[in-house]
Structures are given as C-alpha cells and as structure tokens.
Amino acid sequence: MPSLESFKRLSKEQAVARVREIKAELGRDLVILGHHYMGDDVIEFADFRGDSLQLAQEASRIAEARYIVFCGVHFMAETADILRQPGQVVVIPDKRAGCLLADMAETPEVRNAWKSLTGLWGNDITPITYVNSTASLKAFCGRNNGIVCTSSNAAEVCRWALQRTKHVLFFPDANLGTNTALSMGIPRQQIMTWDPSRPLGGNPDIDQARFVVWRGFCYVHSHFTPEHVAAIRAKYEGIRIVVHPECSPEVVALSDANGSTSYIIRAVEQAPAGARLAIGTECNLVYRLAAEHPDKLIVPLVDSYCVSMARINLYNLLRSLESIVAGRPVEVVTVSDEIKAEALIALQNMLRLSMPPKSAS
Ligand code: SF4
C-alpha cells in the first residue's frame, strides 16, 4: 500500500474523484459512517451521518456491507466492531484518532473505585459508562450488570439504573453525569465527583452519595465558560444559547437549552427564519449548520475544535478505501472476542432502551 504521503500529493479534486470512483466500485459492499464533528471534506462521503447513539444504532443494523469505514474517533469504531455482523470488517482512517475524554478512565482505576464502592454499598450500585470509553470499560459494565449511555439517552439510562439500584457510578465524564443527575432532580449534595488518584475518590463522606461521577472531562466542551455566555448575550440581543451537556453545569445553567448533538441539530432546524442561536459544541458542526441555514444567525458560543476528530481527513479516508480495494485493509479495528461478548451486554442494555420501535408493516 502506498504511503499516506503519496496520497497527499494528489490534488483535492483528484482525491475526491478517486473516493467517488471507489465508492461506486464497492457499491453495497461498503458503508461509510460519519460523525457530525467530521470536517466537510469527509462528511460529504458518509452514507450515514449521526451522533454516537445514531452511529451505534446504524452499525448494529448494517447487514449487507462487508466493510464499514468509520469516520469518527477510535471508541466509536470499537463500538461498531462490537455490534457488527460476523464477517464484516471495521476500518478507521487513522487509528490515532482517540478521545482524550475516553482516556481519562482506565480500567484498573475503575476496578479500584468499584471495589471501594461495592465495599460500601454491596450490589446496590450500577456502573454506567458514557459511550466515550474504551471497549474494556464497556465490558466492565456488561460484567457488572451495567449499561452504556450516550448524551442522547443519559437521563433514560440513569433512570433505568436507579430503578434497579440506589447508587450509580458514572464514568468518565463528570459534566455529563452531573448535568444528567441535576436534570433528574437529584440534589447536589448526593452527587459526588470521584478522583481516582485519592483514597475514597477524595470524598471522606462518600457514603452520603447516590450519584458518583468520574473526574473526566471533554476539553472541547469544558472550554466554554460563563464569561463566554455573558459575552455572546451582550453581543447579540435576544440570542438563544444551546449547549451540549458535556459543558460545565455552570454553563448549562446559564444556557437556554442543552442536549446531544442530534438535539442541537433539531433545535437549529426547528428555529424559525430570522432566529439567532449561539451553539456550545464542536465548531465543525456549528459552521456546517450556519452554512445550511443561511436564513438564521448561527454562531459558536466561541470556537472550539476537536483535534482527535480532525485526524480523519480526505487523504487517510482515500488510503483506507484503496487498501480495501487492494484486498488488504489497513487500520482495521478489532475488539477481542472476550471483551466483545461482555461489552455487547452493556451496549444491548442501552440499545433496548433507545431503539426506535419498528414500524408496523
Ligand atoms: S469532542 Fe470531546 S468527547 Fe468528542 S471525541 Fe473530541 S475529545 Fe472526545
């Protein structure tokens, strides 16, 4: 397979033409999935674009394609590999496209926290992992009667967990966990942040907690501050502020609405012509929405980009496709059978809650 550098020597027009040619050649043998935070040069080739939940649902439904090329970050491609049909191959254009939030919870640390918390509460606790986590942590949840969530269904998943046990351990995103718990009416004093570097997570009175959230964060969303909210309100009179729940609870409290990437897209689509919206999420999506809705003013709360998502580009997508055509796919994502079996339990627990009902035929 030629090096990535040799693909980069092609002009953009040549690369685009070749991607189109390969897509036509592979036909139904190929599906390209693209996350909303991808750049325009990649997202235009996605057969299906969505947020983490929609992409996981789509990956579980793809029946025909032999190759799934995942334009997103590594944990998403792992999830697709867990949910794929036998014989399908999942490829990511650059395996180094990780997620810094996912890296903030390592399996041994979570096991230690679990040991401490089950020492306090026995089995009366459910582990919930945000989908932005390694396959190994999803397997941990599967093994311990837990579940996966996304930002679209976090409240639904937490309700499911709290109907079964009095406590939850939510990882790795403290902001999503805290915002979700607060939205469900759980008092602030029952929500505690777990610092894995300190005994009992740094909480001597941890036994009071109902909702334990891991001390992780997404730098793209925690970049937004109350000062940014004040500045945008001062600049655009009457502007509506919609943010992602990975933003801090302070920013969420000051915004007009918060929700997942899909929620944000719907909020823009449903706003009337002339509406003014400031969006607190990854900027590739915000600027795409602005271009798609020229009759509305859509601005970022402040610019914030995900460098991990930006690792996937037109040229490494082309290299992935050429490697498939050559019969030697590169950057194949493979989750071990043992991890897959347990992670699947936690993912299926989530998908059962969130799958749209099949339409009657
Ligand atoms: S936006 Fe944040 S959570 Fe999403 S992939 Fe980038 S670092 Fe991870």
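Each chain carries its own residue numbering, running from 1 in the written order of its sequence. Only residues with pLDDT of 70 or above have their local features reported here, since the model is predicted, and side-chain atom pairs are shown and tallied only from 80 upward, although totals for entire chains, interfaces and linings are computed over all residues. Values reported for side chains reflect all heavy atoms of the structure, with hydrogen atoms and water molecules removed beforehand.

**Q** What should I look at first to understand the side chain of Asn153 in this one?
**A** Working definition: helices are DSSP H or I runs of at least four residues, strands are E runs of at least two. Numbering for both runs from the N terminus. Along the polypeptide, Asn153 turns up in the loop between β6 (147-149) and α8 (154-164). You can call Asn153 buried: its relative accessible area is 2%. Among residues more than four places away in sequence, those in contact with Asn153 are Leu53, Met350 and Ser354. Three exposure classes are used, based on accessible area relative to the maximum for each residue type with a 1.4 Å probe and protein chains only: buried under 20%, partly exposed in between, and exposed over 50%. It only takes one pair of heavy atoms within 4.5 Å for two residues to be counted as in contact.

**Q** How should I be thinking about the site of the ligand in this particular structure?
**A** Around the ligand, the neighbouring residues are Tyr37, Val73, Cys99, Leu101, Asn132, Cys218, Tyr219, Val220, Glu246, Cys306 and Met309. Taken atom by atom, the bulk of the ligand overlaps the largest cavity. A per-class count over the shell around the ligand returns nine nonpolar, one polar and one charged. If a single non-hydrogen atom of a residue is within 4 Å of a molecule or strand, that residue counts as near it. Cavity and pocket criteria rest on a 1 Å grid covering protein atoms alone: a 1.4 Å probe that fits but cannot get out defines a cavity, protein on both sides within 12 Å along at least 5 of 7 lines defines an open pocket, and an atom within 4 Å of a point defines a lining residue. Each molecule is assigned to a cavity or pocket provided more than half of its atoms lie within 2 Å of the corresponding grid points. Following the grouping adopted for this structure description, the nonpolar residues are Ala, Val, Leu, Ile, Met, Phe, Trp, Tyr, Cys and Pro, the charged ones are Asp, Glu, Lys and Arg, and the polar ones are all others, Gly among them.

**Q** Which parts of the structure should I look at to understand the sheet that holds strand β13 (residues 297-300)?
**A** Whether parallel or antiparallel, the strands of a sheet pair through hydrogen bonds between backbone atoms. DSSP calls a pair of strands paired once it identifies at least 2 bridges connecting them. Taken together, the four strands give an open sheet; going across it, the order is β11-β10-β12-β13, and neighbouring strands pair in parallel fashion. Edge positions in the sheet fall to β11 (257-258) and β13, since each has one partner strand and no second. As paired elements, strand β10 (residues 240-243) and β11 share two bridges and run parallel to each other. Opposite Val242, over in β11, you have Ala257 as the bridge partner. Axis geometry follows a simple rule: fit a line to the C-alpha atoms, using only the stretch in contact for helices, then measure angles between N-to-C directions, giving values from 0 to 180 degrees. Docked against the sheet, helix α11 (residues 226-235) engages β10, β12 (276-280) and β13, running at close to 150° with respect to β10. Taken strand by strand, helix α14 (residues 283-292) contacts β12 and β13, and its axis lies near 165° from that of β13.

**Q** What's the story with the packing of helix α7 (residues 135-143) against helix α16 (residues 337-354) in this structure? I'm lost.
**A** A pair of packed helices is characterised by two quantities: the angle between their axes and the separation of those axes. At their nearest, the axes of α7 and α16 sit 7 Å apart, and the two run at 65° to each other. Our classification of the angle between α7 and α16 gives roughly perpendicular. Our pair here, α7 against α16, has a crossing hand that is left-handed. Along its contact with α7, which presents Ala135, Ser136, Lys138, Ala139, Cys141, Gly142 and Arg143, the element α16 presents Ile339, Glu342, Ala343, Ile345, Ala346 and Leu347. The labels follow the angle: roughly parallel below 35 degrees, roughly antiparallel above 145, roughly perpendicular from 65 to 115, and oblique for the rest. By definition, turning the near helix anticlockwise from the far helix through less than a right angle yields a left-handed crossing, and turning it clockwise yields a right-handed one.

**Q** Could you clarify how one ought to interpret the domain arrangement of the chain in this entry?
**A** You'll often see interface size given as the accessible area lost when the parts meet. Examined at the domain level, the chain breaks down into domain 1 (4-98 + 309-335), domain 2 (102-218) and domain 3 (224-300). Start and end positions for the domains come from either an automated domain assignment or a database one. For domain 2 versus domain 3, the distance between C-alpha centres works out to 28 Å. Residue-level contacts link 11 residues of domain 2 with eight residues of domain 3. Taken over both partners, the interface formed by domain 2 and domain 3 buries close to 760 Å², and the fraction arising from carbon and sulfur atoms is 48%. Buried area is a sum: the accessible area each of two parts loses on coming together, probed at 1.4 Å, counted once for each and added. For the domain 2 face of the interface with domain 3, the top three residues by lost area are Ser151, Asn175 and Asn179, together amounting to 52%. Only one rule defines a salt bridge in this text: a Lys or Arg side-chain nitrogen within 4 Å of an Asp or Glu carboxyl oxygen. Linking domain 2 with domain 3 are zero salt bridges. Pairing of N or O atoms within 3.5 Å defines a polar contact, subject to two protein rules: one partner must be a possible hydrogen donor and the other a possible acceptor, and residues neighboring in sequence count only if both atoms are side-chain atoms. For the pair domain 2 and domain 3, the interface holds six residue pairs in polar contact (both at pLDDT 80 or more). The leading source of residues in the side of domain 2 that touches domain 3 is helix α9 (residues 174-183), at five residues.

**Q** Where do I start with the confidence of the model for the chain in this structure?
**A** If pLDDT is low for a region, its predicted coordinates should not be looked at in detail. Summary of the metric used: pLDDT quantifies the predictor's per-residue confidence within the range 0 to 100. Across the chain, pLDDT averages 95, with 98% of residues at or above 70. Counted against residues more than four places away or in other chains, residues 357-361, with its pLDDT under 50, gives zero contacts.

**Q** I'm lost on the sheet that holds strand β5 (residues 125-130) in this one. Help?
**A** Judged by pairing direction, the sheet is parallel, and its five strands sit side by side in the order β6-β5-β7-β9-β8 without closing on themselves. The two strands at the open ends of the sheet, each matched to only one other strand, are β6 and β8 (191-194). On average, each strand axis in the sheet is tilted by 25° relative to the strand beside it, whichever way the strands run. Judged from the three bridges that link them, β5 and β6 form a sheet pairing that is parallel. Paired with Ile128 across the two strands is Ile147, which belongs to β6. α9 contacts β5, β7 (167-171), β8 and β9 (211-214) of the sheet and is inclined by roughly 155° relative to β9.

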